[in-house]
Amino acid sequence: MLKDWRIKCLVPDLPELDEVAPFIRRMDTARWYSNFGPLVSEFEQAMAGMLAKTSALPADSLSVASFSSATTALELLFRAAGLKEGARILTPALTFAATASSIRITGHTPVLCDVDTHTWDLTPAIARALLKTHQFDAVLPVAIYGFPVDMDAWAAFQAETGVRVFVDAAAALGQQAVHPDVPVCFSLHATKPFGIGEGGILVTGDAELAGHARRLSNFAFIDGTSREIGTNAKLAEVLAAYGLAQIGRFDAVQTRRREVLDQYLARLGAGRFHPRINDFVPGTLLYDTGDRAQAAVARLNGAGIQTRQWYFPPLRDHAAFAGIEILSAGGTGAMPVVDRLQTGLVGLPFHAFLSGADIDEIAEGLEAVLGA
Ligand SMILES: Cc1ncc(COP(=O)(O)O)c(C=O)c1O
């Protein structure tokens with residue numbers, strides 16, 4: 001049953017009717033609703049321009065392909081990348097189910113590892129160390145909670161080791177720099193910083209890779225016949241209309257999120273947030289209670305404040321991933337950092353519509369459990 005929380009964890013910040021209307025009118029006039037219509041093409045080009053600009057890349061250096069979700073973007077990226085059947089792809093033990101399911105559903109093998117204490121993610125240093133004792137064919141780091149991965153470091157890792165790198169930056173649009181050599185997928189789900197309802201994009205400097213993934217999203221048709229097995233994972237024109245309107249207001253969206261984060265930091269300090277909280281505005285706001293997560297959740301929920309414990313339990317404990325291989329230096333399959341974070345992390349309400357009074361109330365609830 002859906003509970004009606006007084007203070008919700010996530011509230012989408014999407015364009016309203018008046019902002020979307022000019023784009024929808026163009027769709028009406030063209031009577032073109034799907035199958036790579038003009039709004040989807042314009043959205044992909046505008047997104048490529050926006051991401052190239054924020055990553056200090058030439059405007060024409062990136063290809064963007066849009067899909068029905070980040071999950072289908074990841075799946076079709078793995079299909080298009082031409083990895084060998086059953087390729088072993090290293091990904092962090094702390095992530096959303098879609099990260100690993102997109103690997104498995106495309107016939108590959110997800111292998112997990114513990115995360116770094118500072119970034120809460122799989123870093124190039126972890127992958128390099130594991131490569132000395134283990135074999136894997138590709139790496140899929142995750143921009144955890146919307147904190148970006150170090151793209152230049154991953155591009156260097158890929159060049160040095162020959163191990164392919166793909167990035168799941170589902171929650172990090174606006175924070176994650178892109179790199180032409182490292183394909184990255186972003187989610188456009190309603191609750192993400194750049195929300196349109198449902199959608200996802202693949203961003204890469206490899207126009208052929210983007211084109212192949214795009215083709216797979218439309219039954220792999222070339223001239224009306226399928227040369228390989230495709231699917232239907234296209235972005236509809238109406239959602240591209242939301243995307244174009246969202247691009248026009250994204251600076252304001254990011255400013256609002258920054259202001260809410262600054263209020264949290266002023267009230268609670270930075271110490272219990274992600275170690276890089278002063279440098280980036282995350283997608284979801286996790287607070288480290290040490291080992292008091294359950295008590296904090298009970299206190300906040302009891303006061304009508306919603307919390308979420310992303311991404312716990314970890315994948316290892318999902319029935320779908322039972323027995324999944326976890327690589328570790330000593331071969332024990334231990335993941336002490338993820339296990340420790342599980343006892344501490346609580347996802348707090350974080351969205352543009354929180355008031356100062358809401359944040360005070362959340363802080364008071366946390367202080368009641370942890371002490372001021
Ligand atoms: C890390 C990560 N990967 C993938 C996804 C899937 O994104 P989508 O809902 O657009 O399929 C999510 C969604 O929350 C996510 O957090």
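What comes next is a walk through the structure. Values in this document were obtained by computation on a predicted structure and should not be read as measured data. (Residues numbered from 1 in each chain as written. Predicted model: local features only at pLDDT ≥ 70, side-chain atom pairs only at ≥ 80, totals over all residues. Heavy atoms only, no water.)

**Regarding the overall build of the protein chain**
- Scanning the protein chain from terminus to terminus reveals 11 helices and 13 strands.
- Relative to the globule expectation of 21 Å for 372 residues, the C-alpha radius of gyration of the protein chain, 21 Å, shows essentially globular dimensions.
- Dimensions of the protein chain along its principal axes, counting C-alpha atoms only, are 65 × 55 × 40 Å.
- Across the 372 residues that make up the protein chain, the buried fraction comes to 54%.
- At a minimum sequence separation of 6, the contacts of the protein chain that also span at least 24 residues come to 70%. (Helix = DSSP H or I, 4+ residues; strand = E, 2+ residues; numbered from the N terminus. Rg over C-alpha atoms; globule rule 2.2 N^0.38 Å. Buried < 20%, exposed > 50% of the residue type's maximum accessible area, 1.4 Å probe, protein only. Contact = heavy atoms within 4.5 Å.)

**Overview of the nonpolar core**
- Leu90, Leu173 and Ile201 are the most contacted members of the largest nonpolar core, which totals 51 residues.
- Looking at this core, the elements that each hand over two or more residues are α1 (17-30), α2 (38-54), β3 (109-113), α5 (124-131), α6 (151-161), β7 (184-187), β8 (200-204) and α8 (237-268).
- The element that contributes the greatest number of residues to this core is α2, accounting for 8 residues.
- For leucine 173, the contacting residues outside a window of four places in its chain are Met47, Met50, Leu51, Phe186, Leu188, Pro193, Phe194, Ile201, Phe250 and Gln254. (Core = buried A, V, L, I, M, F, W, Y, C linked by side-chain atoms within 4.5 Å.)

**Description of helix α11 (residues 356-370)**
- Under the 1.5 Å per step criterion, the end-to-end length of α11 is 21 Å for 15 residues, consistent within 8% with the ideal 21 Å.
- The set of residues buried in α11 consists of Asp358, Ile359, Ile362, Ala363, Gly365, Leu366 and Val369. What you see down the axis of α11 is that its buried residues fit within an arc of 155°, all on one side. (Expected span 1.5 Å × (residues − 1). Arc of directions from axis to C-beta.)

**Regarding the site of the ligand**
- For the ligand, the set of nearby residues contains 14 residues, the closest of which are Thr71, Asp168, Ser187, Lys192 and Tyr311.
- One of the side-chain nitrogen or oxygen atoms of lysine 192 is found 2.7 Å away from an oxygen atom of the ligand.
- Within the side chain of tyrosine 311, a nitrogen or oxygen atom sits 2.8 Å from an oxygen atom of the ligand.
- Here the ligand, which alone exposes 390 Å², has 90% of that area covered by the protein.
- Only α3 (70-80) and α4 (97-105) provide two or more residues apiece to the shell around the ligand.
- Of the residues contributing to the shell around the ligand, the split by class is 6 nonpolar, 6 polar and 2 charged. (Near = heavy atom within 4 Å. Polar contact = N/O pair within 3.5 Å; in protein donor to acceptor, adjacent residues only side chain to side chain. Areas by Shrake-Rupley, 256 points an atom, 1.4 Å probe, with all protein chains shown as cover. Nonpolar A, V, L, I, M, F, W, Y, C, P; charged D, E, K, R; others polar.)

**Comments concerning the state of the cysteines**
- Tallied over the full model, the rule gives 0 disulfides.
- The cysteine cysteine 113 is free of any disulfide, with cysteine 185 supplying the nearest cysteine sulfur at 19 Å. (Disulfide = S-S within 2.5 Å.)

**Comments concerning α1**
- The terminal C-alpha atoms of α1, which comprises 14 residues, lie 19 Å apart, in line with the 20 Å expected from a rise of 1.5 Å per residue.
- Residue phenylalanine 23 marks the point of greatest curvature in α1, where the axis turns by about 30°.
- Considered for burial, the residues of α1 that qualify are Val20, Ala21, Phe23 and Met27.
- For α1, the elements touching its buried residues are α2 and α8.
- Arginine 31 sits one or two positions beyond α1 and adopts a positive phi of about 50°. (Bend = angle between axes of the 7 residues up to and from the residue.)

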